[in-house]
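Residue-level structure breakdown
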Amino acid sequence: MYLKSLGAKIFAIKVVKQINKWASQPVETQEKIFQKLIKKASNTSFGKDHNFKDIKSHHDFIKNVPIRDYEALRNYVDRVVEGEEDVLWPGKPLYFAKTSGTTSGAKYIPLTKASMPTHIEAARNAILCYIHETGNVDFVNGKMIFLQGSPVLQEKNGINLGRLSGIVAHFVPKYLQKNRLPSLETNCIEDWETKVDAIVKETIHQDMSIISGIPSWVQMYFERLQEASGKKIGDLFKNFNLFIYGGVNYEPYRSKFEALIGRKVDSIELFPASEGFFAFQDSQHEKGMLLLLNSGIFYEFIEAEHFFTENPKRLSIGEVQLDVNYVMIISTNAGLWGYNIGDTVIFTSLQPYRVIVSGRIKHFISAFGEHVIGKEVEQAIKEAMLNFNFSISEFTVAPQTHPKEGQLPYHEWLIEFEDEPKDISEIEAFLDENMQQQNAYYKDLLVGKVLHPLKIASLSKNAFQKYMKSQGKLGGQNKVPRLSNDRKIADDLLKSDLL
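A brief structural summary.

**Looking at the sheet that holds strand β16 (residues 392-400)**
- Across the sheet, which stays open at both edges, the three strands sit in the order β16-β17-β18 with mixed pairing between neighbours. Two strands close off the open sheet at either side, each with one partner strand: β16 and β18 (455-458). For this sheet the average axis-to-axis angle between neighbouring strands, irrespective of direction, equals 25°.
- Here helix α15 (residues 424-438) sits on the sheet and contacts β17 (410-417) and β18; the angle it forms with β18, its principal contact strand, is near 130°.

**Re the pattern of salt bridges**
- Taken as a whole and judged by the stated rule, the model has 15 salt bridges.
- With a closest N to O distance of 3.7 Å, R224 and E193 form a salt bridge. Of the two residues, R224 sits in helix α11 (residues 215-229) while E193 sits in helix α10 (residues 192-203), which places them 31 residues apart along the sequence.
- When its relative accessible area of 22% is taken as the criterion, E193 is described as partly exposed.
- Several salt bridges share partner residues, and in doing so they unite E193, D197, R224 and K469 into one network.

**A word on the sheet that holds strand β10 (residues 276-280)**
- Taken in spatial order, the 11 strands make up an open sheet running β6-β3-β7-β8-β9-β10-β11-β15-β14-β13-β12, and their pairing is mixed. The open sheet has two free edges, formed respectively by β6 (180-181) and β12 (297-303), since each of these has just one partner strand.

**Comments concerning helix α6 (residues 116-134)**
- With 19 residues, α6 extends 29 Å from end C-alpha to end C-alpha; this agrees with the ideal 27 Å at 1.5 Å per step.
- Of all the positions in α6, only M116, T118, H119, I120, A122, N125, A126, L128, C129, Y130 and I131 are classed as buried.
- Phi turns positive one or two residues past the end of α6, at G135, with a value near 80°.

**A look at the nonpolar core**
- Membership of the largest hydrophobic core comes to 83 residues, with the highest contact counts inside it found for Y299, F301, M328 and W337.
- Sorting elements by how many residues they give to this core places α6 first, with eight residues.
- Look past the residues within four positions of F301 in its chain and what remains in contact with it is L291, K313, R314, L315, I317, V320, Y326, V327, M328, V345 and F347.

**So, helix α16 (residues 440-447)**
- Buried within α16 we find Y442, L445 and L446. Along α16, the residues classed as buried sweep out an arc of 100° about the axis, all on the same side. Exposed and oriented more than 90 degrees from the buried face of α16 are A440, D444 and V447.
- The inward-facing, buried residues of α16 abut β17 and α15.
- The distance from a side-chain oxygen at the start of α16 to the backbone nitrogen of Y441 is 2.9 Å, and the residue carrying that oxygen is N439.

Calculation criteria
- Residues numbered from 1 in each chain as written.
- Predicted model: local features only at pLDDT ≥ 70, side-chain atom pairs only at ≥ 80, totals over all residues.
- Heavy atoms only, no water.
- Pairing = 2+ DSSP bridges.
- Helix = DSSP H or I, 4+ residues; strand = E, 2+ residues; numbered from the N terminus.
- Axes fitted to C-alpha atoms, helices over the stretch in contact; angles between N-to-C directions.
- Contact = heavy atoms within 4.5 Å.
- Salt bridge = Lys/Arg side-chain N within 4 Å of Asp/Glu carboxyl O.
- Buried < 20%, exposed > 50% of the residue type's maximum accessible area, 1.4 Å probe, protein only.
- Expected span 1.5 Å × (residues − 1).
- Core = buried A, V, L, I, M, F, W, Y, C linked by side-chain atoms within 4.5 Å.
- Arc of directions from axis to C-beta.
- Polar contact = N/O pair within 3.5 Å; in protein donor to acceptor, adjacent residues only side chain to side chain.

Structural data, given as structure tokens:
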């Protein structure tokens, strides 16, 4: 056994023991994090404005700190961006993670000396948990790649800024540097298609053992590799046995991936964001990802169906239940307080606390009161693919609120099939029945003749890539929402498909 492999196994034992310790004391762990955060930030501008010195409990926190999204917190963030110290967290951030804003352009998410290490440790610990559970460790001696944004950083008032994945690239441990691909030169290429072609040239003759990235863009990389080599990915990279992903559900892509690879490979799901690294898959056998309760983040949860009511109840970790759709609220050691990241989660286990990402609070369909969420459409498409043996590249769903005269409104599923099935109508019927079983509101609207059963719009190959390119969002960490409550994305997709 290589020394690196042996060291990884020993280190995995130590880390898993540490994880088990805090995971077995979830309420106590979160209380310690909460008290530490409040104490540390009590002399910041935000802390003074919100009476942190008087906050002793979660109840006190609720009274003094309202739920905010980025726009509501923006007046504080703008002061940090301008170079002011001690605003949201003591001192200045190390970095700003620059993300796309929905209403006012770019968002600048602070990364501090306290928060930055948690991103690195979480990604590392996900792999160590896998090693500890499976005993598989040989991959640490092979080459590994993470399809990510450019590591080139800009500067704003003395603080470096860039995409989160590009910032994280600067923190790859030295013992992994020799194994890591692509080269810095290739990683700095901005144009995504040019970058993927360069990555293919660099990796096609390498011993790749770990490949990581958002599934849709890794699929593009695999397709280019296959075109260049004429081989299945599993034959090209004989020691490739671990795929690490985040950002979207892997299930809609799994059958296509396995066809491209030529065999099954283990996978690890991550739940990272610019605002924090929240969870990772700690077991190949248990559903969901381990919620990281000891990583400088205090969590609150609000039932999604009550989120838009006045003063919805804010729950701490000890108050949540299984199988309830919650909006996740965070307060962090990067200076985000009562912050709505927009993601919704469902707990699959309370011992330890594991979650699945069920969607986005803004990404749902309820044009007629149906309350359809991402988890439901992903479950339906997964079962349809298994039942009818087809695979897809990508899909999204939107309401058709203005159908042709005399027709009822319906949900339109825009799907890019790998090979279009002969009978779309039977897939439509299956999906619709599955959605009715999952969602009583949707079923009632169909029974009441308010909605027509769903319809599929079959898009041509690369339609989603053409759409993303038209939006300037090809590659990196960008992704198409599974659901929209309006027609903007759907109509733009259909237009791109005709070009």
